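Understanding the architecture of this molecule
Chain by chain, the residues run as shown.
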Amino acid sequence: MNETAGGQIDTVMQEARVFPPPPEFSAQARIKSLEEYRAIYDRAKRDPESFWAEFAREELHWFEPFTKVLEWNEPYANWFVGGKTNVSYNCLDRHLETARRHKAALVWEGEPGDQRTLTYAQLHREVCRFANVLKELGVGAGDRVSIYMPMVPELAIAMLACARIGAVHSVIFAGFSAEAIADRNHDAEAKLQITADGGWRRGKVLPLKATVDEALEKSPTVQKCIVLRRVGNEVSMKEGRDYWWHELMDQASADCPAEPLDSEHPLFILYTSGSTGKPKGIRHTTAGYNLYVKKTFEWVFDYRDEDLFWCTADCGWITGHSYIVYGPLSAGASVMMYEGAPNWPAEDRFWRIIEQYGVNTLYTAPTAIRAFIKWGDEHVEKHDLSSLRLLGTVGEGINPEAWMWYHEKIGGGRCPIVDTWWQTETGGIMMSPLPGATPTKPGSCTKPLPGILPRIVDAHGNDVPVNQGGWLVIAHPWPGMLRGIWGDDERYVEQYWSQVPRCYLTGDNARIDEDGYYWIMGRIDDVINVSGHRLSTIEVESALVSHEAVAEAAAVGRPDEIKGQAIAVFVVLKDAEPSDELRNELRQHVRKEIGALAQPDDIRFTNALPKTRSGKIMRRLLRDIASGKETVGDTSTLEDYTVLAKLRGDEE
Ligand code: WT7
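About the cut-offs
- Residues numbered from 1 in each chain as written.
- Predicted model: local features only at pLDDT ≥ 70, side-chain atom pairs only at ≥ 80, totals over all residues.
- Heavy atoms only, no water.
- Pairing = 2+ DSSP bridges.
- Helix = DSSP H or I, 4+ residues; strand = E, 2+ residues; numbered from the N terminus.
- Core = buried A, V, L, I, M, F, W, Y, C linked by side-chain atoms within 4.5 Å.
- Buried < 20%, exposed > 50% of the residue type's maximum accessible area, 1.4 Å probe, protein only.
- Contact = heavy atoms within 4.5 Å.
- Salt bridge = Lys/Arg side-chain N within 4 Å of Asp/Glu carboxyl O.
- Axes fitted to C-alpha atoms, helices over the stretch in contact; angles between N-to-C directions.
- Parallel < 35°, antiparallel > 145°, perpendicular 65-115°, else oblique.
- Left-handed = near helix turned anticlockwise from the far one by under 90°.
- Nonpolar A, V, L, I, M, F, W, Y, C, P; charged D, E, K, R; others polar.
- Domains from an automatic or database assignment.
- Disulfide = S-S within 2.5 Å.
- Polar contact = N/O pair within 3.5 Å; in protein donor to acceptor, adjacent residues only side chain to side chain.
- pLDDT = per-residue confidence, 0-100.

If you walk across this open sheet you meet the eight strands as β12-β11-β8-β6-β7-β14-β15-β23, and the pairing is mixed. On the outer flanks of this sheet lie β12 (242-244) and β23 (484-485), each paired with one strand and no other. With three bridges connecting them, strand β11 (residues 224-228) and β12 associate as parallel partners. Looking across to β12, one finds that Val-227 is bridged to Trp-244.

Following this line, the structure appears as structure tokens:
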């Protein structure tokens, strides 16, 4: 990170719309007003430890009570010291003596249209049996288990079974290559692999087992592999190493008490890409993570027992860990889970699911919302979406115009939107509106959740003034925080704790407006510096997206002799034809929206933007293309390689 990146950033965004929570919504909400939020926030701020301890005592099951709330040896935190609990117990067993026993836990639809529902009692039984299978194969507490599976209920079962016996899971998104699996297996020294024969994606079979076979050639620590039959494709099974899930389950007993585990027992490792090529294994542990995802799920999604909650992420990402599996299940929620693509067999698949199942809350990503906008409103209008009461987004900033579309077309103007800011590292949501309490502004993640103390600082660690961009840091430990990078303490300290004294460095830029609302301005490395003015990518992009012809845009800086950096933008059109006229119009439009300073120098039209597999725009690659660099850096996380080739081909 370079020193100059710590200066302030200028904001050019003008967004004045405010949407108060609908009174009918507030009347029934857990937190009903801004005053109520403030009271809770202030209480947590005054004494974070007793704030969290009270919830922990009431809302988690303790085999042994904790004796100390927080032990903080910066940058290492131990929460709920001395206690013993179990995440799988909190997600399952706790509900079995209640009215939730036969309530739907997972409501699942496969891509081909097959359906399954597992009640809490059924899910508990499957998890117990699979936990016994793991034990049979020699997996015990502390062993690492690598999971590479499609979005089927067995993925959640495998995660919960690991949690039940204290095995540490490392879920690898089923789109990654054999090489990526092998790297992660090697880093985690995984003992066991769990996979499926294949998975469905847009009507085609993803040959997961074949990919795993290749990965296991280079994963010497992995001794055994369990294979779920999902698709029925031909696979090779290696004698003595590979076992069919159903054969093992046939013999397995459903009696498997949850193992009492130390509060800080590792729960999972999840790899996320860093600025260097080597992925970081983010390490999360038991009690603090469990409490944090449960509380944030209840606060942010205002969960009620009769709701069907749908988070469209994959369990291969932190969003799936925290808000498909651990948060909702600890809260006793009914969770919708879908296996496939949003445009299979047609672009209305999500809206069809919402109508058919009566989904009440939809939590999805801006990249998906931009795709829906591009596909056209007719797919939405075919369906009755009146069951929805709340919408959420995560993963990137949402452009205000995309927010407005989501609000009107999907939410029918009546559903609050929670724009949730957080990271793999934070474990759970850190900043978000509370839907019954916080007036929303399109494009802002609004305010921190109780117990979270963010600051915005310059390179010297001083707070920057209102509406001045700076580094977003967190000033006090919270229960859901990462506990380290697997096997790399040095990198943990270096990356997150060495820039700003006594603060966790998020790596994002942000500003606070005059109402105390937070606006994320993008990653620190993505700032564009034009004639000494430091601009944020999202602001330029949002101005472009507010033009009716534009579906999606990415802004990057490229070297310029006079201005330092010039602004290059890549634009995906809805259905307009690219032309010089449109190019001029877009320049004028940005000039009008935010000023001459931010007017793009280069505008390139493209059919698609290079994205990570989790849907984030890879601005780093676009920077290389915009500055005419031949070689581009690491592309292993790129979702669609052809996009890059096309962009380069478009060049002269
Ligand atoms: C980075 C974390 C958190 C689960 C999915 C992503 C960006 C995330 C928002 C938001 C603006 C956001 C940040 C953050 N980000 N949510 N609501 N507004 N930016 O997890 O892959 O660890 O990425 O995503 O840049 O640092 P992740």
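Once you've had a look at it, read on.
Turning our eyes to something else, we now look at the nonpolar core. General note: in soluble globular proteins, nonpolar side chains tend to be found buried as a group. In this structure, Phe-130, Ile-194 and Tyr-326 are the most contacted members of the largest nonpolar core, which totals 143 residues. If one sorts the elements of this core by residue count, helix α6 (residues 153-165) sits on top with 10 residues. Sequence-distant contacts of Tyr-326, defined by excluding residues within four places in its chain, comprise Val-87, Cys-91, Met-159, Leu-160, Ala-163, His-169, Leu-267, Phe-268, Tyr-289, Val-293 and His-321. Residues Leu-308, Ile-369, Phe-372 and Leu-388 belong to the second largest nonpolar core, which totals 28 residues.

Regarding helix α7 (residues 178-188), the residues found buried are Ala-178, Ala-180, Ile-181, Ala-182, Arg-184, Asn-185 and Ala-188. On its buried side, α7 packs onto β6 (144-148), β8 (192-196), α8 (208-217) and β14 (266-272). Immediately downstream of α7, the backbone of Glu-189 shows phi near 50°, a positive value.

As a further point, take the pattern of salt bridges. One pass over the full model with this rule turns up 45 salt bridges. With a shortest N-O distance of 3.0 Å, Lys-294 and Glu-298 are connected by a salt bridge. Separated by four residues within a single helix, Lys-294 and Glu-298 lie in helix α10 (residues 287-300), roughly one turn from each other. For the pair Lys-294 and Glu-298, a shared accessibility class is recorded, and that class is buried. The closest approach of N and O atoms between Arg-619 and Glu-541, which form a salt bridge, is 2.9 Å. With a gap of 78 residues between them, Arg-619 in helix α19 (residues 619-626) and Glu-541 in helix α17 (residues 537-545) connect regions that are remote in the sequence. The pair Arg-619 / Glu-541 is uniform in exposure class, with both members buried.

Further remarks concern the packing of α7 against α8. Packed helices, taken two at a time, are described by their axes: the angle between them and the distance between them. Where α7 meets α8, the axes come as close as 8 Å, and the angle between the chain directions of the two elements is 45°. By the angle class used here, α7 and α8 are oblique. The two elements α7 and α8 cross, and the hand of that crossing is right-handed. Judged by residue contacts, Ala-178, Ile-181, Ala-182 and Asn-185 of α7 engage Thr-211, Val-212, Glu-214, Ala-215 and Leu-216 from α8. Across the contact of α7 with α8, the residue classes break down as six nonpolar, two polar and one charged.

Assigned domains within the chain: domain 1 (119-259) and domain 2 (547-648). Just the C-alpha atoms count here: the centres of domain 1 and domain 2 sit 40 Å apart.

On to the state of the cysteines. The tally for this structure, following the rule as stated, stands at zero disulfides. For Cys-91, which is in no disulfide, the shortest distance to another cysteine sulfur is to Cys-315 and amounts to 12 Å. Under the relative-accessibility criterion, Cys-91 is labelled buried at 0%. In this model Cys-256 remains outside any disulfide bridge; the closest cysteine sulfur is found in Cys-128, 5.5 Å from its own.

Time to look at the environment of Glu-109. Its place among the elements puts Glu-109 in strand β4 (residues 104-109). Sequence separation between Glu-109 and His-124 is 15 residues; the distance between their C-alpha atoms is 20 Å. Within the local environment of Glu-109, its side chain forms a polar contact with the side chain of Tyr-357, the two groups lying 2.6 Å apart.

Below, the discussion takes up the confidence of the model for the chain. For the chain, mean pLDDT is 93; residues scoring 70 or higher make up 96% of the total. Taken as a whole, residues 1-5 scores under 50 in pLDDT and shows nine contacts with residues more than four places along the chain or in a different chain.

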